[in-house]
Amino acid sequence: MNYADLQTFTAVGRIANLTVIKTEDERDCLVVTLYHRISQDAVVTIKFLNSNGLLTAYTHDNLVVGQELTVSGKIQGIRAFYIKDEELMPLKQPEFQLKVTDYAFGSKPQPKAE
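These notes cover the structure that comes with them. Fair warning: this is a prediction, and the values are worked out from it, not measured in the lab.

Take the overall build of the protein chain next. Scanning the protein chain from terminus to terminus reveals one helix and five strands. Counting helices and strands in the order they occur from the N terminus, the protein chain gives β-β-β-α-β-β. Across the 114 residues that make up the protein chain, the buried fraction comes to 29%. Excluding contacts between residues fewer than 6 apart, the proportion of contacts in the protein chain whose partners are at least 24 apart in sequence is 56%. Accessible area of the protein chain: about 8,200 Å², with a carbon and sulfur share of 51%. Side chains of the protein chain carry 12 positive and 14 negative charges; the gap between the two charge centres is 4 Å.

See below:
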């Protein structure tokens, strides 16, 4: 019998943040933060790392904040709370940590009028 893989996730969203970091083994890695609207009133944050195609696109200015991006992958974790002053506080937007297996570029934001 085959069962659905409920950890597999596909989302379309807009890039909120792009940051290059160094990993423990001194490799460059891109941290991508994506906002995905799940309903009229609710948005979730999706975070993942990439050290190949998206990092290359970012370094060549082909990946920018505000750009649409479709990602598919496995959910590695979900975070809805954080601790502040020893008190449990809810996040404004729940955060999904994803291991991305596939992605597709979407439209870039329109340049701002001067």
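Next comes the rest of the write-up.
Within this structure, the stated rule accounts for two aromatic pairs. Ring centres of Tyr103 and Phe105 lie 5.8 Å apart, and the angle between their planes is 75°; this geometry places the pair in the edge-to-face category.

Turning next to the pattern of salt bridges. Between side chains of opposite charge, pairing is possible as soon as their charged atoms come close. Throughout the structure, instances matching the rule amount to three salt bridges. The salt bridge partner of Arg27 is Asp25, with a shortest N-O separation of 3.2 Å. In this structure, Glu95 and Arg79 form a salt bridge, with 3.4 Å as the shortest nitrogen-oxygen distance. Residue Glu95 is located in strand E5 (residues 87-105), and its partner Arg79 is located in strand E4 (residues 68-84); the two are separated by 16 residues in the primary sequence. By relative accessible area, which is 9% here, Glu95 ends up buried. Its relative accessible area of 33% is what places Arg79 among the partly exposed residues.

Our next topic: a nonpolar patch on the surface. Together, Phe81, Ile83 and Leu88 line one region of the surface with nonpolar side chains, adding up to about 360 Å² of accessible area. Among the secondary structure elements, Ile83 is positioned in strand E4. With a relative accessible area of 67%, Ile83 lands in the exposed category.

What follows covers the side chain of Glu95. Within the structure, the side chain of Glu95 is placed 2.7 Å from the side chain of Gln97, a separation counted as a polar contact. Setting aside its immediate chain neighbours within four residues, Glu95 contacts Thr45, Lys47, Gly77, Ile78 and Arg79.

Turning our attention to the environment of Val43. For Val43, the location among the structural elements is in strand E3 (residues 43-50). For the pair Val43 and Lys112, spaced 69 residues apart in sequence, the C-alpha to C-alpha distance is 24 Å. Excluding its chain neighbours within four sequence positions, the residues that come into contact with Val43 are Tyr35, His36, Arg37, Gln93 and Pro94.

What counts and how
Every chain begins its residue count from 1, and numbering advances along the sequence as written. This being a predicted model, a pLDDT of at least 70 is required before a residue's local features are given, and a value of 80 or more before pairs of side-chain atoms are given or counted; all residues contribute to the totals for chains, interfaces and linings. Calculated side-chain values reflect all of the structure's heavy atoms, with hydrogen atoms and water omitted. Helix and strand assignments follow DSSP, with helices taken as H or I runs no shorter than four residues and strands as E runs no shorter than two, numbered in order from the N terminus. The buried label applies to any residue whose accessible area, calculated with a 1.4 Å probe on protein chains only, is under 20% of its type's maximum; exposed applies above 50%, and partly exposed to all values in between. In this description, contact between two residues means that some pair of their heavy atoms is separated by no more than 4.5 Å. To be clear on the numbers: accessible area is Shrake-Rupley with a 1.4 Å probe, and residue cover counts the displayed protein chains and nothing else. Within this scheme the basic residues Lys and Arg register as positive and the acidic residues Asp and Glu register as negative, but His and the chain ends are omitted. Each charge is placed at NZ for Lys, CZ for Arg, CG for Asp and CD for Glu. Between rings of Phe, Tyr and Trp, where Trp is taken as its six-membered ring, a pair exists when centres lie within 6.5 Å; planes separated by under 30 degrees are stacked, by over 60 edge-to-face, and by other angles tilted. Between Lys or Arg on one side and Asp or Glu on the other, a salt bridge is scored when a side-chain nitrogen of the former is within 4 Å of a carboxyl oxygen of the latter. Each patch groups residues whose relative accessible area exceeds 30% and which form no salt bridge, using 9 Å between like charges and 5 Å between nonpolar side chains of Val, Leu, Ile, Met, Phe, Trp and Tyr. For the purposes of these results, a polar contact is taken to be a pair of N or O atoms within 3.5 Å, where, inside protein, one atom must be able to donate a hydrogen and its partner to accept one; residues adjacent in sequence count only when each atom of the pair is a side-chain atom.

Geometric descriptors of this kind do not, in isolation, establish any biological role.
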